[in-house]
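Chain by chain, the residues run as shown.
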Amino acid sequence: HRRLGMASTTKIMTALVVAESCDLSHTVRIPKAAVGVEGSSVYLVEGEELTVEQLLYALLLSSANDAAVALALTVADSVEEFADRMNRCARELGLQDTHFVNPNGLYDEDHYTTAYDMARITRWAMTVPGFEEYFCATEYTIPKTNKKDVARNIGTHHHMLVESAYYYPYAKGGKLGWTT
């Protein structure tokens, strides 16, 4: 129950809010605000067009901070408004020790959760129809876009999923995150 920074595990809630708010086939035109976001990235380009589904894979497999901002701005008018939606969702789940200020988990003193609350978010995620497909994927190819001439192959760094058949047969999904 100790409050700590949640880093990229934030993206579980980001994906859930987006999945509940958007048609997965909706085309997103990448805004300037989503380009060059620090940390993990799939190197989105301003004006590039991807579907919500493609961005969800980038978010959960590559932990792409640029995809997190692009998705947040697809659902809300600002990152702050999107974080408000995430916090409303957390309250609806009865989470007492979780607060979001961004969709990607970049450090902020007011961005925190507990192991207990994160377990509840993850348990809920696994019950959302269709979510398991993204949450459990180990690789995905983002096809060529209007701004990129080559496909982007992305994969998870979550060894419990990649090695699940041998070492962790009960691993069904998950998200990594780290913070100092």
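Here the structure is a predicted model, which is why all the values come from computation and not from measurement. Each chain has its residues counted from 1, running along the sequence as written. Only residues with pLDDT of at least 70 get local features here, since the model is predicted, and only at 80 or more are side-chain atom pairs given and counted; chain-wide, interface and lining totals rely on the full set of residues. As a convention, hydrogens and water are excluded, and side-chain values are obtained from all of the structure's heavy atoms.

J.: Mind showing me how you'd approach the packing of helix H1 (residues 10-21) against helix H5 (residues 115-125) here?
T.: Two packed helices can be described by the angle between their axes and the distance between those axes. The angle between two axes is taken between their N-to-C directions and runs from 0 to 180 degrees, where each axis is a line fitted to C-alpha atoms and a helix contributes only its stretch in contact. Per the convention used, a helix needs a DSSP run of H or I reaching at least four residues, while a strand needs a run of E reaching at least two, with both numbered from the N terminus. Two elements in contact, H1 and H5, have axes whose closest approach is 10 Å; the angle formed by their N-to-C orientations is 35°. Note on packing geometry: the crossing formed by H1 with H5 is left-handed. Along its contact with H1, which presents Ile 12, Met 13, Leu 16 and Glu 20, the element H5 presents Met 118, Ile 121, Thr 122, Trp 124 and Ala 125. When residues are grouped by polarity, Ala, Val, Leu, Ile, Met, Phe, Trp, Tyr, Cys and Pro land in nonpolar, Asp, Glu, Lys and Arg in charged, and all others, Gly among them, in polar. Of the residues in the contact of H1 with H5, the class split is seven nonpolar, one polar and one charged. Left-handed describes a crossing whose near helix is turned anticlockwise from the far helix by less than a right angle; the clockwise case is right-handed. Any two residues whose heavy atoms approach within 4.5 Å at even a single point are treated as in contact.

J.: Just checking my understanding: could you explain H5 for this structure?
T.: Note: α-helices contain 3.6 residues per turn, so residues at a spacing of three or four share the same orientation. Only protein chains enter the calculation, and the probe is 1.4 Å; a residue is then buried if its accessible area is under 20% of its type maximum, exposed if over 50%, and partly exposed in between. Here H5 has its buried residues at Asp 117, Met 118, Ile 121, Trp 124 and Ala 125. Angular distribution of buried residues about the axis of H5 spans 125°; they occupy a single face of the element. Along H5, the residues that are exposed and aim more than 90 degrees away from the buried face are Ala 115 and Arg 123. The arc in question is the one traced by the directions running from the helix axis out to the C-beta atoms.

J.: Sorry if this is basic, but what is going on with the side chain of Lys 175 here?
T.: Relative to the elements of secondary structure, Lys 175 occurs in the segment after helix H7 (159-162). His is not counted, nor are the chain ends, whereas Lys and Arg count as positive and Asp and Glu as negative. Between Lys or Arg on one side and Asp or Glu on the other, a salt bridge is scored when a side-chain nitrogen of the former is within 4 Å of a carboxyl oxygen of the latter. The buried charged residue Lys 175 lacks any salt bridge, with Asp 66 as its nearest oppositely charged partner at 11 Å. Think of a polar contact as two N or O atoms within 3.5 Å of one another; within protein, one of them needs to be a possible hydrogen donor and the other a possible acceptor, and neighboring residues in sequence only count if both atoms come from side chains. A distance of 2.9 Å separates a polar atom in the side chain of Lys 175 from a polar atom in the side chain of Ser 63. Not counting residues within four places of it along the chain, the set of residues in contact with Lys 175 comprises Ser 8, Thr 9, Lys 11, Ile 12, Leu 59, Leu 60, Ser 63, Phe 135 and His 158.

J.: Explanation requested: a nonpolar patch on the surface in the structure shown.
T.: Taken together, Met 160, Tyr 167 and Tyr 168 make up a surface patch of nonpolar side chains, about 330 Å² in accessible area. Looking at the element boundaries, Tyr 168 is found in the segment after H7. Patch membership needs two things, relative accessible area over 30% and no salt bridge, and members are linked within 9 Å if like-charged or within 5 Å if nonpolar (Val, Leu, Ile, Met, Phe, Trp, Tyr). In these tables, accessible area is a Shrake-Rupley quantity obtained with a 1.4 Å probe, and a residue counts as shielded only by the protein chains included in the view.

J.: Explain the pairing of strand E4 (residues 152-155) here, please?
T.: In the case of a regular strand, side chains alternate between the two sheet surfaces. Here E4 shows a buried face lined by Arg 152 and Ile 154 and an unburied face lined by Asn 153 and Gly 155. The pairing criterion for strands is at least two bridges between them, as found by DSSP. Two strands pair when backbone bridges link them, and strand E3 (residues 139-142) and E4 are joined in this way by four bridges, in the antiparallel orientation. In the strand pairing of E4, Tyr 140 is matched with Ile 154.

J.: Is there a simple way to think about the side chain of Thr 10 in this case?
T.: Among the structural elements, Thr 10 can be located in helix H1. Here Thr 10 falls in the buried class, since its relative accessible area comes to 0%. Setting aside residues up to four positions removed in sequence, Thr 10 forms contacts with Met 86, Phe 100, Asn 102, Pro 103, Asn 104, Gly 105 and His 111.

J.: Mind showing me how you'd approach the packing of aromatic side chains here?
T.: The geometry of an aromatic ring pair is captured by two quantities: the separation of the ring centres and the angle between the planes. Two aromatic rings from Phe, Tyr or Trp, using only the six-membered ring of Trp, form a pair when their centres are within 6.5 Å; if the ring planes differ by under 30 degrees the pair is stacked, by over 60 it is edge-to-face, and anything between is tilted. Within this structure, the stated rule accounts for three aromatic pairs. Arranged with centres 3.9 Å apart and planes meeting at 10°, the rings of Tyr 57 and Tyr 140 form a pair that is stacked. One end of the pair, Tyr 57, is in helix H2 (residues 52-61); the other, Tyr 140, is in strand E3, with 83 residues separating them in the sequence. Summarising the burial analysis for this pair, Tyr 57 and Tyr 140 share the class buried.

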